[in-house]
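# Observations on chain architecture
For reference, the chains in residue letters:
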Amino acid sequence: MTVIEMSAVTKEYGAVRALDGLDLRVERGEIVALLGPNGAGKTTTFELLLDLARPTRGDVAVLGGAPATARGRVGAMLQSAGLPEQVTVRELVRLVGRSYPAAVPTDELLRRVSLHERASRVVTSLSGGERQRLLLAMALVGEPELLLLDEPTAAMDVASRRAFWAQARTAVGHGATILFATHDMAEAQGVADRILVMARGRLLADAPPAELVADDDLEAVFLALTEEISAAHPEGALS
Ligand code: ATP
């Protein structure tokens, strides 16, 4: 089953073309990494999939329908996510769970993301990595079929990062599909079944890690791909 299908999607903000004829497909059960330099269009892609923005042209389908119809079946961690103050970890997860018909029981979920010992703490007292795990719990609470994670481990140390992906993988084991953005090549290579490289709103590569790095390391492949398109399309040029 195709979980994400974007066909010839262009998104313009005034004179800025954030996405430029993007074609992207993700199948059920896949873990897919989205790599790209700053401004490549990764966050814009997530916003379209979550119905937080609409494409200027092209089609976006999530779980077989328009993004608006899939909302309750999708869990997300966005870079811009804010958390309310003076509420405890347990209260917040319980509150978010109320908007889903079949939410995972709060304490079970907190144990899954290793936050059970922090359940009674106010969210403002959490460390950066704990905060990310709380955001993961909030993304998982509705047993989503699709997880969209925008740089989910950016603030995490090595051990937290490992634990995070173990937890996310368990979610995939339960039938979920994951699309995640990262700037960390090793993470993309270690975690993903498939890597997408984008720059200037276009897809430059789409392959399993082993195929992408057959003759070179991923960082070199990434730089070669993204420098090529930057040279071909200097800053400010729309096409
Ligand atoms: P980063 O790695 O820095 O997070 P990104 O790949 O997520 O980058 P986007 O945030 O999708 O990139 O941005 C793509 C382009 O669209 C950028 O040039 C950005 O400035 C522009 N853009 C994104 N959102 C808006 C907006 N609401 N209004 C105007 N321009 C926008």
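Right, let's walk through the structure included here.

So, how was this worked out
Residues numbered from 1 in each chain as written. Predicted model: local features only at pLDDT ≥ 70, side-chain atom pairs only at ≥ 80, totals over all residues. Heavy atoms only, no water. Pairing = 2+ DSSP bridges. Helix = DSSP H or I, 4+ residues; strand = E, 2+ residues; numbered from the N terminus. Axes fitted to C-alpha atoms, helices over the stretch in contact; angles between N-to-C directions. Contact = heavy atoms within 4.5 Å. Near = heavy atom within 4 Å. Polar contact = N/O pair within 3.5 Å; in protein donor to acceptor, adjacent residues only side chain to side chain. Areas by Shrake-Rupley, 256 points an atom, 1.4 Å probe, with all protein chains shown as cover. Nonpolar A, V, L, I, M, F, W, Y, C, P; charged D, E, K, R; others polar. Buried < 20%, exposed > 50% of the residue type's maximum accessible area, 1.4 Å probe, protein only. Core = buried A, V, L, I, M, F, W, Y, C linked by side-chain atoms within 4.5 Å. Phe/Tyr/Trp six-rings, centres within 6.5 Å; stacked < 30°, edge-to-face > 60°. Lys NZ or Arg CZ within 6 Å of the ring centre and 35° of its normal.

## Side note on the sheet that holds strand 4 (residues 57-62)
Reading across the sheet, the 3 strands line up as 2-1-4 and stay open at both edges, with antiparallel pairing between neighbours. Unpaired on one side and paired on the other, strand 2 (16-27) and strand 4 mark the two borders of the sheet. Each adjacent strand pair in this sheet contributes to an overall mean axis angle of 15 degrees, direction not counted. With respect to the sheet, helix 1 (residues 42-49) is in contact with strand 1 (2-13), strand 2 and strand 4, its orientation differing from that of strand 1 by roughly 115 degrees.

## Points about unusual backbone geometry
A positive phi is found at Ala 8, a non-glycine position, where the angle reads about 50 degrees. You can see Ala 8 is positioned in strand 1. Despite not being glycine, Gln 86 shows a phi value in the positive range, around 60 degrees.

## Re the pairing of strand 9 (residues 202-207)
Two elements, strand 8 (residues 194-199) and strand 9, share 5 bridges in a ladder whose sense is antiparallel. Across the sheet, Met 198 pairs through a bridge with Leu 203, a residue of strand 9. Hairpin connection between strand 8 and strand 9: a loop of 2 residues separates the two successive antiparallel strands, and Arg 200 in this loop has a positive phi of roughly 50 degrees.

## Things to note about the site of the ligand
Close to the ligand lie 14 residues; Gly 39, Gly 41, Lys 42, Thr 43 and Thr 44 are nearest. One nitrogen or oxygen atom from the side chain of Lys 42 is found 2.7 Å from an oxygen atom belonging to the ligand. Summarising the interface, the protein chains cover 62% of the accessible area of the ligand, which totals 640 Å² for the free molecule. For the shell around the ligand, the element with the most residues is helix 1, which contributes 3 residues. Class assignment for the residues of the shell around the ligand results in 5 nonpolar, 7 polar and 2 charged.

## Comments concerning helix 1
Most of helix 1 sits out of view: 6 of its 8 residues are buried. Within helix 1, the full set of buried residues consists of Lys 42, Thr 44, Thr 45, Phe 46, Leu 48 and Leu 49. Among the residues trailing helix 1, Asp 51 stands out with phi positive, at a value near 65 degrees.

## Let's talk about the nonpolar core
If you look at the biggest cluster of nonpolar residues, it comprises 47 residues, and the most contacted ones within it are Leu 134, Phe 180, Ile 195 and Leu 212. The element contributing the most residues to this core is helix 5 (residues 128-140), with 7 residues. Ignoring any residue separated from it by four or fewer positions in sequence, one finds Phe 180 in contact with Ile 31, Val 32, Ala 33, Leu 34, Phe 46, Leu 149, Trp 165, Glu 187, Ala 188, Val 191 and Ala 192. Within the second largest apolar cluster, 27 residues are counted, among which are Leu 24, Leu 48, Leu 49 and Leu 148.

## Remarks on the packing of aromatic side chains
Scanning all chains against the criterion turns up 2 aromatic pairs. Between Trp 165 and Phe 180 the ring centres are 4.5 Å apart and the planes differ by 55 degrees, which places this aromatic pair in the tilted class. Separated by 15 residues along the polypeptide, Trp 165 in helix 6 (residues 158-173) and Phe 180 in strand 7 (residues 177-181) bring together distant segments of the chain. Across the pair, exposure class does not vary: Trp 165 and Phe 180 are buried alike. An aromatic cluster is present here, built from Phe 164, Trp 165 and Phe 180 joined pairwise through their rings. Of note, Lys 11 hangs over the ring of Tyr 13, and the distance from its end group to the ring centre comes to 5.0 Å.

Read these as spatial facts, not as claims about activity.
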